[in-house]
Structure formats: structure tokens, C-alpha cells
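# Chain and residue survey
Here is what each chain is made of, one letter per residue.
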Amino acid sequence: MNTLRLLTHSIFMFLVLHATYAKSIRPEGFKLGSPLDPLGAKMETGVDLQKIEGYSRFFDFTDKDNDGKHSKVEYVDNGNYLNPQSRAGIFNVSDNDRDGFVSRAEYILNRIITDEAKTIVQAMDANKDGKVERSEFIKHAMPDKKLAAQVFIDLDTDRNGILQIPEYLKVWGMWARYDRPSADKRISARKAELEKSNQAKPSSRGAQYLK
Ligand SMILES: [Ca+2]
Ligand SMILES: [Ca+2]
Ligand SMILES: [Ca+2]
């Protein structure tokens, strides 16, 4: 009986914490995930097969033992992107299913999300000093300035009025994954869709002219 009560209590606390947390990174009145629409994020629907294959090749460089997944040793300890702390952060965000490894699909999805986020945010850096200030963000992010101000607060995780890589990627990454299928499902669905539309084209020669 006590165990049951403890379990009920734990579930209740989880729901309370989850609700509080979800609210803190969400502009009021908007469903979690929707700030990405006004920001212009397309996520996996914005990439073609070539892009996916390119990411897949990058995945192989780091997958030294060719077992189809990145271990912490392969990515965090032996990696060379940014610094170990940033790599650990990226690794944990990428590991959607929390099995301690980053699968090919998890890596590809993370690259899609973060590369697009960086492209969108850095394009707002009007004076090209590598940082996106609050005023730059509000001016360029979206037509709804009130929403832009709310979204900025969510992305500026250290609250210093400036967006820098990688701080905003964490929140953006949560929005891009919240309430969506697994990385595996998303990447294979997108690939299937692209392969189908490739087959529907009259010929590869014809497809070239369509570009
Ligand atoms: Ca591996
Ligand atoms: Ca994983
Ligand atoms: Ca900041």
C-alpha cells in the first residue's frame, strides 16, 4: 500500500515538475514547439536526400568502430568540435531515446535541427560580430514583435541579452523534439518521402531542369 502511495506521489510530482518546466520555456499562450513556425524552422522537411547523406557521412567519420552509433568515448572524449563540455551537451541532447548512445538517425536529426537553428539565428546578426543581441532578434526574427520578445527570453538561457552558440540550441532542440516521433521515425519518414518524390519525377535529366 505504501509503495503504491509512493508511486502515485512520484508520478504526481513528475507531472507537476514537467508542467512547470514546460511552461518556463514556452511563450505564453503558445503550444510548445510552435515558436519554431514563426521563426521559419522547417526541420527535417527542409532537407533533401543529399543533405541527409552528407550528415550520414559525417556520422561515419566519428563512428570509429563502425557499430552504427556514437559512444561517449567516440564523440565526447575523442571528438574535436568546440570543447568537451559542449560536446557532452550536444551528445545528451542528440540522444533522444536516452540509451547512452547517439544513433545515426539521432545524429542526423540533431544536425538538421542545429544547423537550421544556427542559420536562422546567425542571419539576424546584422552587424556581424558573431552575437545576436536582443534588438537584432526582435527586429529580424518574426513579424510578431511581442512573440519575438518572449521567444528571445526563452532562448537567452543565461539572460545576458545576447544569443551565442551553443546556448540557444538547447531550448531550440527541445522545441524541435517535443511531442514528436523518435529520430528514427522522423528521418526514415523523410527519406521515404524524398525517395518517393524522386521516383515520381519523369527522369533524372528532367529533374535537373526542374531545379
Ligand atoms: Ca560507434
Ligand atoms: Ca540514443
Ligand atoms: Ca545569452
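Residues numbered from 1 in each chain as written. Chains lettered and ligands numbered in written order. Predicted model: local features only at pLDDT ≥ 70, side-chain atom pairs only at ≥ 80, totals over all residues.

## Regarding the overall build of the chain
Selection rule: Helix and strand assignments come from DSSP, with helices taken as H or I runs of at least 4 residues and strands as E runs of at least 2, each series counted from the N terminus. Counting other C-beta atoms within 10 Å of a residue's C-beta gives its exposure: the residue is buried at 20 or more, exposed at 12 or fewer, and partly exposed in between, where C-beta atoms are placed from the backbone. Throughout, a residue-residue contact means that the two C-beta atoms, derived from backbone geometry, are no farther apart than 7 Å.
In terms of regular secondary structure, the chain is built from 11 helices and four strands. With 211 residues in all, the chain has 26% of them scored as buried. Counting contacts in the chain only where the partners sit at least 6 residues apart, residues at least 24 apart contribute 62% of the total.

## Looking at the nonpolar core
We count it as follows: The term nonpolar core means buried Ala, Val, Leu, Ile, Met, Phe, Trp, Tyr and Cys residues held together as one set by C-beta atoms within 7 Å.
In terms of nonpolar packing, the biggest core is built from 35 residues, with I108, L109, Y168 and W172 touching the most fellow members. If you list the elements that add at least two residues to this core, you get α2 (36–39), α4 (72–77), α5 (84–94), α6 (104–122), α8 (145–155), α9 (167–177) and α10 (183–200). For this core, the leading source of residues is α6, giving eight residues. Beyond its immediate sequence surroundings of up to four residues, I108 is in contact with I52, Y55, S56, F59 and I187.

## Regarding the confidence of the model for the chain
Note the cut-off: On a range of 0 to 100, pLDDT expresses the predictor's confidence in each residue.
Looking at the chain as a whole, the pLDDT averages 86, with 80% of positions reaching at least 70. Below a pLDDT of 50 lies the segment residues 16–24, which in the model reaches one contact outside its immediate sequence neighbourhood of four places, other chains included.

## Side note on the packing of α6 against α10
The cut-off we apply is this: Here the axes come from fitting lines to C-alpha atoms, over the contacting stretch only for helices, and the angles between their N-to-C directions go from 0 to 180 degrees. Angular relationships are summarised with four words: roughly parallel below 35 degrees, roughly antiparallel beyond 145, roughly perpendicular across 65 to 115, and oblique for the angles in between. Ten residues, namely Ala, Val, Leu, Ile, Met, Phe, Trp, Tyr, Cys and Pro, are considered nonpolar, four, namely Asp, Glu, Lys and Arg, are considered charged, and the remaining ones, Gly among them, are considered polar.
For the pair α6 and α10, interaxial distance at closest approach is 8 Å and the crossing angle is 75°. As far as their axial angle goes, α10 and α6 are roughly perpendicular. Mapping the contact onto sequence places A105, E106, I108 and L109 in α6 and A183, D184, R186 and I187 in α10. Among the residues making up the contact of α6 with α10, the classes are represented as five nonpolar, no polar and three charged.

## Comments concerning the packing of α6 against α9
Basically, it comes down to this: The sense of a crossing depends on the near helix, which, turned anticlockwise from the far helix by less than a right angle, makes the crossing left-handed and, turned clockwise, makes it right-handed.
Contact pair α6 / α9: the axes reach a minimum separation of 10 Å and the direction vectors enclose 120°. With respect to α9, the element α6 is oriented oblique. Between α6 and α9 the crossing geometry is right-handed. Contacts from I113, T114, A117 and V121 of α6 reach α9 at Y168, L169, W172, G173 and A176.

## Concerning unusual backbone geometry
The omega torsion across I165 and P166 is 0°, close enough to zero to call that bond cis. Tracing the chain through its elements places P166 in the loop between β4 (162–163) and α9. At L82, a residue that is not glycine, the phi angle is positive and equals roughly 50°. Even without glycine at this site, R159 takes up a positive phi of about 55°. Position of R159 among the secondary structure elements: in the loop between α8 and β4.

## What to know about the environment of D77
When you line up the elements, D77 lands in helix α4. Linking D77 and R87, residues 10 residues apart in sequence, is a C-alpha distance of 8.6 Å.

## Points about α10
The condition is simple: One fewer than the residue count of a helix, multiplied by 1.5 Å, yields its expected span. The arc in question is the one spanned by the directions pointing from the helix axis to the C-beta atoms.
The end-to-end C-alpha distance of α10 is 26 Å, a good match for the 26 Å that 18 residues give at a rise of 1.5 Å each. What α10 keeps buried is the set A183, R186, I187 and R190. Along the long axis of α10, the arc covered by the buried residues comes to 95°, so they all point the same way. Set apart from the buried face of α10 by more than 90 degrees, the exposed residues are K185, A192, E195, K196, Q199 and A200.

## A word on α8
Those residues of α8 lying buried are L147, A148, V151, F152 and L155. Looking down the long axis of α8, one finds its buried residues gathered within 140° of arc, a one-sided arrangement. Buried residues along α8 sit against α2, α7 (134–140), β4 and α9.

## Things to note about the environment of E133
For E133, the position within the fold is in strand β3 (residues 132–133). Judged by local crowding, E133 falls into the partly exposed class, with 19 C-beta atoms found within 10 Å. C-alpha separation for the pair E133 and F152, spaced 19 residues apart in sequence, amounts to 9.4 Å. When sequence neighbours within four positions are dropped, the list of residues in contact with E133 reads G161 and I162.

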